[in-house]
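# Reading the structure
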Amino acid sequence: MIKFNRITFLIFILTVFYFALVGRLFYLQVIKGEHYREISDRNYIKIFYSNPPRGKIYDRNGVLLAYDVPTYSLIAFPYIVKKNYSMQELKENLKNYLNIELDEKTLNIIEKNLYPSVVIKKDLTQKDIENFYNYNYLFNGFYLEVVPKRVYTEEANYLAHIIGYVGYPSERELKENPNLSPNILVGKAGVEKIYDSLLRGESGQKAVLVDAFGRQKKVLWEKDPRKGNDIYLTIDIRIQKIAFEAFSSSKHPSGAVVLVDPNTYEILASLSYPTYNLQKFYEGFSQEEWKELTENKYKPLMNKVFLGKYPPGSIYKPLVSIAALEEGAITPETRISSGPEFRIGKWVYRNWDKRGCGFINVSEALETSCDTFFYQVGLKLGVENIVKYSKLFGLGEKLNPDLEVKVATIPSKEWKRKVLKQKWFHGDTVNLSIGQGYITITPFDATKIVVPIANGGYVLKPHILKAYFDNKSQRLVHTNPEMIRKINIKKWNLDAVRYGMYLVVYGPSGTAKALKRVPVLNAGKTGTAQVYSYDTRKKRHHAWDFRDHAWFIDYAPYNKPKIAGVVFIEHGESGGKVAAPLMAYILKRIFKEKIIETE
Amino acid sequence: MFNLFKKIKQADPIVYLLTAFLLIWSVINIYSASYHEYSNLYIKQIVFVSIAFFIITFLPFLIEYRKFGYISFYLYLISIILLILVKFFGVSILGAKRWINLGFFQLQPSEVAKFSMIIFSAYFISNTKLPLSFKDFLKIMGLSAIPFMLIYSQPDLGSAILVVLPVLVMVFLAKFNIKYIIGFVLTGIILSPFIWTHLKDYQKNRIIAFLNPESDPKGTAYHIIQSKIAIGSGMLTGKGYLQGSQSKYYFLPEQHTDFIYATIGEEWGFVVSFLILTVYFILSLRIFYIGMKINELFGKFLCYGIASIIGFQAFINIAMNVGMAPVVGVPLPFLSYGGTALIMFSLMIMMVLNIEYINKKEGFRFHSQDALNY
C-alpha cells in the first residue's frame, strides 16, 4: 500500500512529466510523423561557400608577383541528386552532356550521401559552363561554385622558392582550423605559407533553404567573405632578376645569392639556383617533368638559401678576426710571421698559397686570405671564443624562425664529444679558424657574418615582409626593423677588419679584384671551401661534386653600406675566380641601373 | 582482487545496467552528431566513457560515502573557488565563460558545483533538526545562492537553475513547512516581472520563442522548430544511423550537446527515443527508491538529490528538444558531449551504488529514530 507523503508526491510529479513527454513524443513522431518527415525532406539546407580572392603578393616596389583569378567548379549535393536520379542516369547525363566521367569514389559519396557536398569537376571551360546552363534541367542538385585560382607572374619565377605555393586544405588542416572551407586556397610553402593568415581571408557562407529539386526558397543566413590582405615583400624583383641572370649567364649549374639591406636586414634578393616554373609547379607537372625535377642532381626544388649546409671556408675569417681583436688575442697592429706552413707536432697545416704571406697584420691577412696567420691566431684565441662570437653573430640560431629552416653547425668541444664522441684536438681549432672542418652554414648564414660588420655590430631580425595592406583598417602596416642584440666591437677593431675586406678588393694582393668593376667602393671576402682533399679530387678527375665550394661576401658602399650579401656557388672551385666575378656583375648592375642610389 | 569482483556482483543491477546503457549510447550518438564536422569528438568521448565505466564499476566498493559528508563544506568551497577562477581565467565559447582550460581537458566548474552542492546540502540537512526550521531553510538557501549567482553571471541560466533545483527538492523532502513553500513560490511569481527585466536579451528571446515559435523562425525559435522537425521526421523507427538529414546538414545547432536527443529522435525514431526517456525515468525512480529504503539521513538525502537532478535535468532537456520548455541550455545527462558533466554524473552513480552497498552490508541498521519518515 502506498502512503501518500512528500516523496510519493514528488514521484507522482516526475511520473506526470514522464507521461507528458511520452505523449509528446508519440504525437510528434507517430501521429504527426508523416508531416514532419515531409517537412524535413523539403526542408533541405545547402551551404554555399564563396571563396574570396587571396591577397596579392607584390615586391617592395609594387611589382605584382601573385594574384587570383576566378574559375568555376561543378558541385553536387548528394542528398538532392540522389532523390532525382538513379546512379546510372547520373553517370550517363554527366557523360553525354558535360563529358565528365564520374569516378567510383565520387559516385560512392553521392550514393551513400557521405558529405553534404562534393566537387565533380574543377576548372570548367566556357563550353562546359554553357552546356551546364543549357541542360540544367538534367542536373537538379548541381551548382557552379566560384573557386579562385592562383596566378604567378613571369617575374615571380625568379623568386619561386621564396614564394612557395598554395593548395586546398588537407583533411587535417580542415580539422584544425574550423574557419577553413574545403575550396579555399591555403599556403603550403614559402611566403604563401608563412603569411597565410594575412593572405587567406575568410570564405563567405550562404545557407539556403532548398526544395527537393534543389530550387532555392529562402536564404537562412549569410556571412560575407572577407578578402585576403595584399602583402609587400622586401624583395626588389629587379635585383632578384639580376641575380638570376648572373647565374644563368655564368654556366654555373648550382648555387645561391642572398642580398640584404644591412641597416634593416630586409632581404632584397634570395635566389636558389637552379629554379623552377612556379605556375607549372602549382598547376602540376607532367610525370616526366616531375621526374626531371626530382632527379636533377642540382636539386632545383630545394631552397639552398635556407636548406643547404656547406663549409664556409675563408668567409668565416672576418668573424674570427673580430673575435681575436675583441678578446685581445691580437691588436690591429699585431704582426705575425705567417709562412707557407704551420706545424703542430707531426701535423702540418699548409697555406693555400705555397709562397706564404710574410710578417703581416690582420688586415693584410684578410687581404691575402692567409691561412697560416689564422691558424696561429685561432690557437691563441681558443675554440671557446670562436664559438662565442659565432653565437653572438647569430650562427647556429634562427634569427627569424619563420624564415630559417636549418641552423649552422658550429663545432665546439661539447659538440664533438656529444655528436662524434671524440676529444677536441688543437688541429680542430686550427681548421675551424679558417672555416673548415666540422663547421657548416647555410648561404643565408653567410649574411649573418657580413651584416654586423657592415652596420657596426647590430644583429637584427632578418625579414622578408615589408608591409601588408590591412583590409580592416584600410591602412598599410609596415614591418619595423627589430634589433636582437648589439655586439660591442671597438671602432678601431671593426675598422681593421673592414679595411682588410677593402684590401680584398683594392689591395695589391687582394683575392677579389673583379669587384673593382663595381662603380662604388666596396669590401668583401672570398671563400674557397674544401669539400674533399686534393688527392681525392685528383683521383676523381675533378668531377663536379668533388670540387671546392666558392663563396663571396660583400657590402657596398664601403663607407655607408646599403647592400650586403653573399654569392655561393656549389662546387664552384674558387671564391676569387668564380664567386667574386658573379658578385661583381650583380653589384655593378645594381649601382649602374641606379636600383640603389648613392649620394 | 577476487574479493572486489565478489563485491561488484552485489551492486544494484538496475542502477548499474541503466547507466551502462546510457554510457554506451553516448559514444554511438556523439559519433553520429559529429559525423560531418571533420571532428574527432567521439574519440574524446570514448576516453571519458572509459573513465566513467571505471568509476561506476570499481569505485563504489573502494570508498565510503560518509567521508564525503565530512569534507562536504570543503568541496563546496572548492567549487566556489573554481567558479571564481573561471571568471578570470575562463575560456570564452560562444560568448559564455564556462570552462577552465587545463591543457588536456577543459574543466566546467558549474558541473562540479552541481555535485558538491548536492553533497553539501544533504550533509547540512542530515545534521540539522528535522523537520527543517525556517532559519535553517534560509541558511541553506543563502549558501546555494552563491553558486547560483556565479553561474548565472557566466551566463548560464540552465546550470544555475540546476544547482538550486536538487536543493529545493531536498528541502521539500525534509518536510519544510508547506506554508513557507507556498509563500516562496508566490514570491517568485510576484517577483517574476522584476526578474524579467534583469534577464539577458538572448534569454528573453528564448522564452518568447518558446511561447511563440513561429514569431522568429530564423533566430532562437529556429532551434525549436528544427529540433521538432528532426524528432518528428524520425517517425516510428527513424531514418537510420548516420542518415539524419536535419542533424547532418547543420539544421540543428549544438547537436552534440543540448540537442543530442533530437539526433537520436531523427535517426532512431519513436522506439529508441521512448526507450531512452524511459531509462531516465526508471533510473531516477530507482534512486529515489534506494533513498526511501535507507534509514541513514545523509545517504538518504544524497540519493534524493541525485535522483532529482538526473530525472529533472533529463526531462528538462528532452522537453526543450520536443518544444515543451524554453531553450535554457541544459545538457542531457550522460549523452551530451562534455567531459566534466559525464565524470560528475558517473561520480553520482558511484555514490548511489556505494550508499546502497554499505547500508545493505550494515543491514539497514538505524542511524536516526525516524529516518524512515523522510
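Small disclaimer: the values here were computed from a predicted structure and weren't measured.

What counts and how
- Residues numbered from 1 in each chain as written.
- Chains lettered and ligands numbered in written order.
- Predicted model: local features only at pLDDT ≥ 70, side-chain atom pairs only at ≥ 80, totals over all residues.
- Heavy atoms only, no water.
- Helix = DSSP H or I, 4+ residues; strand = E, 2+ residues; numbered from the N terminus.
- Buried < 20%, exposed > 50% of the residue type's maximum accessible area, 1.4 Å probe, protein only.
- Contact = heavy atoms within 4.5 Å.
- Phe/Tyr/Trp six-rings, centres within 6.5 Å; stacked < 30°, edge-to-face > 60°.
- Lys NZ or Arg CZ within 6 Å of the ring centre and 35° of its normal.
- Axes fitted to C-alpha atoms, helices over the stretch in contact; angles between N-to-C directions.
- Parallel < 35°, antiparallel > 145°, perpendicular 65-115°, else oblique.
- Left-handed = near helix turned anticlockwise from the far one by under 90°.
- Nonpolar A, V, L, I, M, F, W, Y, C, P; charged D, E, K, R; others polar.
- Buried area = accessible area lost by both parts, 1.4 Å probe.
- Polar contact = N/O pair within 3.5 Å; in protein donor to acceptor, adjacent residues only side chain to side chain.
- Salt bridge = Lys/Arg side-chain N within 4 Å of Asp/Glu carboxyl O.
- UniProt positions renumbered as here; feature names shortened; annotations may be inferred.
- Expected span 1.5 Å × (residues − 1).
- Arc of directions from axis to C-beta.
- 1 Å grid on protein atoms, 1.4 Å probe; cavity = no way out; pocket = protein on both sides within 12 Å on 5 of 7 lines; lining within 4 Å.
- Points joined across faces, edges and corners; volume = space filled by probe spheres on them.
- Core = buried A, V, L, I, M, F, W, Y, C linked by side-chain atoms within 4.5 Å.
- Patch = residues over 30% accessible without salt bridge, like charges linked within 9 Å, V, L, I, M, F, W, Y side chains within 5 Å.
- Areas by Shrake-Rupley, 256 points an atom, 1.4 Å probe, with all protein chains shown as cover.
- Pairing = 2+ DSSP bridges.

### Section: the overall build of chain A
- Assigned secondary structure in chain A consists of 24 helices and 23 strands.
- Dimensions along the principal axes, computed over C-alpha positions, put chain A at roughly 110 × 75 × 50 Å.
- Among the 599 residues that make up chain A, the fraction classed as buried is 56%.
- Put simply, of all contacts in chain A between residues at least 6 apart along the chain, 70% involve residues at least 24 apart.

### Observations concerning the packing of aromatic side chains
- Inspection of the entire model under this criterion finds 59 aromatic pairs over all chains.
- Judged by centre distance (5.3 Å) and plane angle (80 degrees), the rings of Phe 77 of chain A and Tyr 143 of chain A are edge-to-face. Placement of the pair is Phe 77 of chain A in the loop between strand S3 (64-76) and helix H3 (78-84) and Tyr 143 of chain A in strand S5 (residues 142-152), with a sequence separation of 66 residues.
- Ring centres of Tyr 152 of chain A and Tyr 282 of chain A lie 6.1 Å apart, and the angle between their planes is 85 degrees; on these two criteria the pair is classed as edge-to-face. In this pair, Tyr 152 of chain A sits in strand S5 while Tyr 282 of chain A sits in helix H12 (residues 278-283), placing the two residues 130 residues apart along the sequence.
- Taking the relative accessible area as the measure of exposure, Tyr 282 of chain A reaches 18% and is therefore buried.
- Grouping aromatic residues by their ring pairs yields a cluster made of Tyr 165, Tyr 276, Phe 281, Phe 285 and Trp 290 of chain A.
- Taking NZ or CZ as reference, Arg 6 of chain A lies 5.1 Å from the ring centre of Phe 172 of chain B, over its face.
- The lysine or arginine in question, Lys 486 of chain A, covers the ring of Tyr 458 of chain A, its NZ or CZ lying 5.1 Å from the ring centre.

### Quick notes on the packing of helix H5 (residues 72-89) of chain B against helix H6 (residues 109-126) of chain B
All names here are of chain B.
- Put simply, H5 and H6 touch, their axes get as near as 8 Å, and they point 155 degrees apart. By the angle between their axes, H5 is roughly antiparallel relative to H6. H5 and H6 meet at a crossing whose hand is left-handed. Note on element contacts: H6 touches H5 through Pro 109, Ser 110, Val 112, Ala 113, Ser 116, Met 117, Ile 119, Phe 120 and Tyr 123, opposite Ser 72, Phe 73, Leu 75, Tyr 76, Ser 79, Leu 82, Leu 83 and Val 86.
- Split into classes, the residues belonging to the contact of H5 with H6 amount to 13 nonpolar, four polar and no charged.

### Topic: the interface of chain A and chain B
- Taken together, the contact pairs 41 residues of chain A with 51 residues of chain B.
- Roughly 4500 Å² of surface becomes buried between chain A and chain B when both sides are summed, with 73% attributable to carbon and sulfur atoms.
- At the junction of chain A and chain B, the tally comes to nine residue pairs in polar contact (both at pLDDT 80 or more).
- Elements supplying a minimum of two residues to the side of chain A that touches chain B: helix H1 (6-31), helix H2 (33-42), strand S1 (44-50), helix H8 (171-176) and strand S9 (216-223) of chain A.
- The dominant element in the side of chain A that touches chain B, judged by the number of residues it contributes, is H1 of chain A, at 18 residues.
- Residues that form the side of chain A that touches chain B fall into these classes: 29 nonpolar, six polar and six charged.

### Some thoughts on the environment of Ala 514 of chain A
Residue and element names in this part refer to chain A.
- For Ala 514, the position within the fold is in the loop between helix H22 (491-506) and strand S21 (523-529).
- Along the chain, Ala 514 and Tyr 85 lie 429 residues apart, while their C-alpha atoms are 75 Å from each other.
- Those residues in contact with Ala 514, other than ones at most four positions away along the chain, are Ala 580, Pro 581 and Ala 584.

### With respect to the pattern of salt bridges
All names here are of chain A.
- Under the defined criterion, the tally for this structure stands at 37 salt bridges over all chains.
- The residue Glu 202 makes a salt bridge to Arg 226 at a minimum N-O spacing of 3.6 Å. One end of the pair, Glu 202, is in the loop between helix H10 (196-200) and strand S8 (204-210); the other, Arg 226, is in the loop between S9 and strand S10 (230-233), and 24 residues separate them in sequence.
- Taking the relative accessible area as the measure of exposure, Arg 226 reaches 32% and is therefore partly exposed.

### Re the side chain of Asp 196 of chain A
- By the element assignment, Asp 196 of chain A lies in helix H10.
- Those residues in contact with Asp 196 of chain A that sit more than four places away from it in its chain are Arg 54, Val 186, Gly 187 and Val 191 of chain A.

### Details of the UniProt feature "transmembrane region" (unreviewed entry) in chain B
Residue and element names in this part refer to chain B.
- Within the UniProt annotation, "transmembrane region" (unreviewed entry) is assigned to residues 14-35, 41-62, 74-95, 158-174, 181-199, 268-289, 301-322 and 334-355.
- Secondary structure within residues 268-289 divides into 100% helix and 0% strand; the distance between the first and last C-alpha atoms comes to 30 Å.
- As annotated, residues 301-322 comprises 95% helix and 0% strand, and the C-alpha atoms at either end are separated by 31 Å.

### A look at unusual backbone geometry
- Residue Pro 557 of chain A follows Ala 556 of chain A across a cis peptide bond; omega there is -15 degrees.
- Mapped onto the elements, Pro 557 of chain A comes out in the loop between strand S22 (549-556) and strand S23 (563-569).
- Residue Pro 131 of chain B is reached from Leu 130 of chain B by a cis peptide bond, and omega for that bond is -5 degrees.
- As for its position among the elements, Pro 131 of chain B is in the loop between H6 and helix H7 (134-152).
- Although it is not a glycine, Lys 594 of chain A sits at a positive phi angle of roughly 55 degrees.
- For Lys 175 of chain B, which is not glycine, the phi torsion reads 55 degrees and is therefore positive.

### Focus: helix H3 (residues 41-57) of chain B
All names here are of chain B.
- With 17 residues, H3 extends 24 Å from end C-alpha to end C-alpha; this agrees with the ideal 24 Å at 1.5 Å per step.
- The set of residues buried in H3 consists of Leu 41, Gln 45, Phe 48, Val 49, Ala 52, Ile 55, Ile 56 and Thr 57. Along the axis of H3, the buried residues cluster in a sector spanning 165 degrees; they form a single face.

### Some remarks on helix H6 (residues 126-134) of chain A
Residue and element names in this part refer to chain A.
- Here H6 has its buried residues at Asp 128, Ile 129, Asn 131 and Phe 132. Along H6, the residues classed as buried sweep out an arc of 165 degrees about the axis, all on the same side. Among the exposed residues of H6, those pointing more than 90 degrees away from its buried face are Gln 126, Lys 127, Tyr 133 and Asn 134.
- The inward-facing, buried residues of H6 contact S3, helix H4 (87-98), strand S4 (118-121) and S5.

### A few points about empty space enclosed by the protein
Residues and elements named next belong to chain B.
- Scanning the entire structure with this criterion turns up five cavities of 30 Å³ or more.
- Taken as a whole, the largest cavity spans an internal volume of roughly 60 Å³.
- What lines the largest cavity is simply Leu 157, Tyr 202, Gln 203, Arg 206, Ile 207, Pro 326, Val 327 and Val 328.
- The dominant element in the lining of the largest cavity, judged by the number of residues it contributes, is helix H10 (residues 201-211), at four residues.
- Classifying every residue of the lining of the largest cavity gives six nonpolar, one polar and one charged.

### What about the nonpolar core?
- Counting 132 residues, the largest nonpolar core has Tyr 280, Ile 287, Phe 301 and Leu 302 of chain B as the members making the most contacts within it.
- Among the elements that line this core, the one with the most residues is helix H14 (residues 297-321) of chain B, at 16 residues.
- In contact with Ile 287 of chain B, not counting residues within four places along its chain, are Val 15, Cys 303, Ile 306, Ala 307, Ile 310, Ile 349 and Val 352 of chain B.
- The next biggest cluster of nonpolar side chains, apart from the first, holds 101 residues, and it includes Leu 325, Leu 395, Ala 408 and Leu 432 of chain A.

### Looking at the layout of surface pockets
- Of the voids in this model, the second largest pocket is the one considered here, and its volume is about 2100 Å³.
- Only H1 of chain A together with H7, helix H8 (157-173), helix H9 (178-198) and H14 of chain B provide two or more residues apiece to the lining of the second largest pocket.
- Here the element with the most residues in the lining of the second largest pocket is H9 of chain B; it accounts for twelve residues.
- When the residues that make up the lining of the second largest pocket are grouped by side-chain class, the tally is 41 nonpolar, six polar and no charged.

### Concerning a nonpolar patch on the surface
All names here are of chain B.
- Residues Tyr 70, Ile 71, Phe 73, Tyr 74, Leu 77, Ile 81, Ile 84, Leu 85, Phe 88 and Phe 89 make up a contiguous nonpolar surface patch of roughly 1000 Å² in combined accessible area.
- Element by element, the count of residues in the nonpolar patch is highest for H5, at eight residues.
- By the secondary structure assignment, Leu 85 is in helix H5.
- The exposure class assigned to Leu 85 is partly exposed, which follows from its relative accessible area of 32%.

### Structural notes on the sheet that holds S22 of chain A
Residues and elements named next belong to chain A.
- One open sheet holds the five strands; their spatial order is S12-S11-S23-S22-S21, and the pairing between them is antiparallel. If you trace the sheet from one side to the other, it starts and ends with strand S12 (266-273) and S21, each paired once. Taken over all neighbouring pairs, the strand axes of this sheet differ in orientation by 5 degrees on average, direction set aside.
- Along the sheet, helix H21 (residues 443-455) makes contact with strand S11 (255-261), S12, S22 and S23, crossing S22 at roughly 30 degrees.

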